[in-house]
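Single-letter residue listing:
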Amino acid sequence: MFQLKSNRNLAGFLVSMPGVLWLTVFFLIPYFIIILYSFLTSGIYGGVELPFTLESYTRMLGNAGYWQILWKTVWISLVATVICLGIGLPTAYFIATSKRSNLYLTLVIVPFWTNFLVRIFGWMVILGRNGVINSFLQLLGLEEPLTLMYTTGAVILVIVYMYLPYMILPLYSAIEKFDFRLIEAAMDLGAKRTEAIFKVLIPSIRGGIIAGIILVFIPALGSYAIPDLVGGTDGAMLGNLIARQLTVARDWPSSSAISMIFLLISTLGLLVYMRINKVQNKRRLTIRENYMREEEI
């Protein structure tokens, strides 16, 4: 018996080794390098050097400009996430209840077949001063073209377009597993369909909603190419500030300290998700146990 258990443990260890090595080499080691760099001193010609210091953190925390960009980054990411949720929830519901769900899922996934940058340049063609929208409006009689590019609105719009599938897919997965007879039961008890959806369906798919929020919010928080290409100075985000510190100022400790703020926010988001998921699983288990006891009685 002991030998069998030992063999199972060894097999599990060998199977998990590639994943553990991958995470160690490409996640944990770079993570620790960033932490180390954030406490070192910036070199005269770039790079880092001793001694260890908290100067990067004190300079960042005492600079109002850093806080302004951090707040703008969080605000843009939150707005884009809320919009994705508002669009993704009814879309996922429609797909899950449709007889052509496979076709609609394929249409949702189709944008992934195109390169990320190509899609951004496509929006630049649409939103540009001489782009599709302004050209159409000028045909209708508009004299001066609208300023659609290099604004915060353009950044939010493109982020929503890019990450909307990440919201739809987990929501669809959660809604597909939902027992729609519960909605019918709620309606039989006097609830309207909208009321049944909000009081029965939404709480039941909370895990999918939280997963979609995290899958959209964290990538949006670290966006670099989108605000750089369509946002300009008005739409600059935390990723652009990190890149500027690395390439222009050549201040590696400051860029590492800013990256630590981003990593901290991302980690807190994941911990919140794990905590909520754990509480929900515990609640489901408790409800199931109570139900089984009542059945036995």
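The rules behind each value
Residues numbered from 1 in each chain as written. Predicted model: local features only at pLDDT ≥ 70, side-chain atom pairs only at ≥ 80, totals over all residues. Heavy atoms only, no water. Helix = DSSP H or I, 4+ residues; strand = E, 2+ residues; numbered from the N terminus. Core = buried A, V, L, I, M, F, W, Y, C linked by side-chain atoms within 4.5 Å. Buried < 20%, exposed > 50% of the residue type's maximum accessible area, 1.4 Å probe, protein only. Contact = heavy atoms within 4.5 Å. Phe/Tyr/Trp six-rings, centres within 6.5 Å; stacked < 30°, edge-to-face > 60°. Salt bridge = Lys/Arg side-chain N within 4 Å of Asp/Glu carboxyl O. Axes fitted to C-alpha atoms, helices over the stretch in contact; angles between N-to-C directions. Left-handed = near helix turned anticlockwise from the far one by under 90°. Nonpolar A, V, L, I, M, F, W, Y, C, P; charged D, E, K, R; others polar.

Chemist: Please clarify how unusual backbone geometry should be interpreted in this entry.
Modeler: Peptide bonds are trans in most cases, and residues, glycine excluded, mostly fall at negative phi. For the bond running from leucine 50 to proline 51, omega is 10°, close enough to zero to count as cis. Structurally, proline 51 is set in the loop between strand E2 (48-49) and helix H2 (55-61). One non-glycine residue, tyrosine 150, adopts positive backbone phi at about 60°. Position of tyrosine 150 relative to the elements: it lies in the loop between helix H6 (132-139) and helix H7 (152-176).

Chemist: For this particular structure, what's the right way to read the nonpolar core?
Modeler: In summary, soluble globular proteins display a tendency toward joint burial of nonpolar side chains. Ranked by internal contacts, the top residues of the largest apolar core, which has 43 residues, are Ile120, Val155, Ile159, Tyr163, Leu201, Ile226 and Val230. Considering each element in turn, this core owes the most residues, 15 residues, to H7. Excluding its chain neighbours within four sequence positions, the residues that come into contact with valine 230 are Ile120, Met124, Met149, Tyr150, Thr151, Ala154, Val155 and Val158. If you look at the next biggest cluster of nonpolar residues, it comprises 21 residues, including Tyr66, Ile214, Leu221 and Leu241.

Chemist: Even after reading the chapter, I still don't get the side chain of serine 101, so can you show me in this structure?
Modeler: The topology assignment puts serine 101 in helix H4 (residues 101-109). With sequence-adjacent residues up to four places away left out, serine 101 is seen in contact with Ile95 and Tyr172.

Chemist: Can you walk me through helix H12 (residues 238-247) in this structure?
Modeler: Structural remark: α-helix, 3.6 residues per turn; residues separated by three or four positions point the same way. With respect to burial, H12 is a largely interior element, 7 of its 10 residues being buried. Listed as buried for H12 are Leu238, Gly239, Asn240, Leu241, Ile242, Ala243 and Gln245.

Chemist: Looking at this structure, I do not really get the side chain of serine 77. What am I missing?
Modeler: Locating serine 77 in the fold gives a position in helix H3 (residues 64-96). The exposure class assigned to serine 77 is buried, which follows from its relative accessible area of 0%. Ignoring any residue separated from it by four or fewer positions in sequence, one finds serine 77 in contact with Phe217, Ala220, Leu221 and Met237.

Chemist: What is the right way to look at the packing of aromatic side chains in this model?
Modeler: In the structure shown here, the tally under the stated rule is 6 aromatic pairs. Members of the aromatic cluster, connected to one another through ring pairs, are Phe112, Tyr163 and Tyr166.

Chemist: How do you make sense of the pattern of salt bridges when you look at a structure like this?
Modeler: If the charged atoms of two oppositely charged side chains come close together, the side chains can form a pair. All chains considered together, the criterion is met by 4 salt bridges. As a salt-bridge pair, aspartate 251 and arginine 59 come within 3.0 Å of each other at their nearest N and O atoms. Here aspartate 251 is found in the loop between H12 and helix H13 (252-296), whereas its partner arginine 59 is found in helix H2, with 192 residues between them in sequence. Residue arginine 59 is classed as partly exposed on the basis of its relative accessible area, which comes to 31%. Here lysine 199 ties to glutamate 195 by a salt bridge, and the two come within 3.2 Å at their closest N and O atoms. Remark: glutamate 195 and lysine 199 occur in helix H9 (residues 193-204); sequence separation between them is 4 residues, near one turn of the helix. Residues joined in a network through salt bridges with shared partners are Glu55, Arg59 and Asp251.

Chemist: Mind showing me how you'd approach the packing of H3 against helix H10 (residues 206-221) here?
Modeler: When two helices pack together, you describe them by how their axes are tilted relative to each other and by the distance separating the axes. Look at H3 against H10: their axes get within 9 Å of each other, and the N-to-C directions meet at 140°. Between H3 and H10 lies a crossing of right-handed hand. Two secondary-structure elements touch here, H3 through Thr73, Val74, Ser77, Leu78, Thr81, Cys84 and Leu85 and H10 through Ile209, Ile213, Val216, Phe217, Ala220 and Leu221. Each residue belonging to the contact of H3 with H10 can be placed in one class, and the counts come to 10 nonpolar, 3 polar and no charged.

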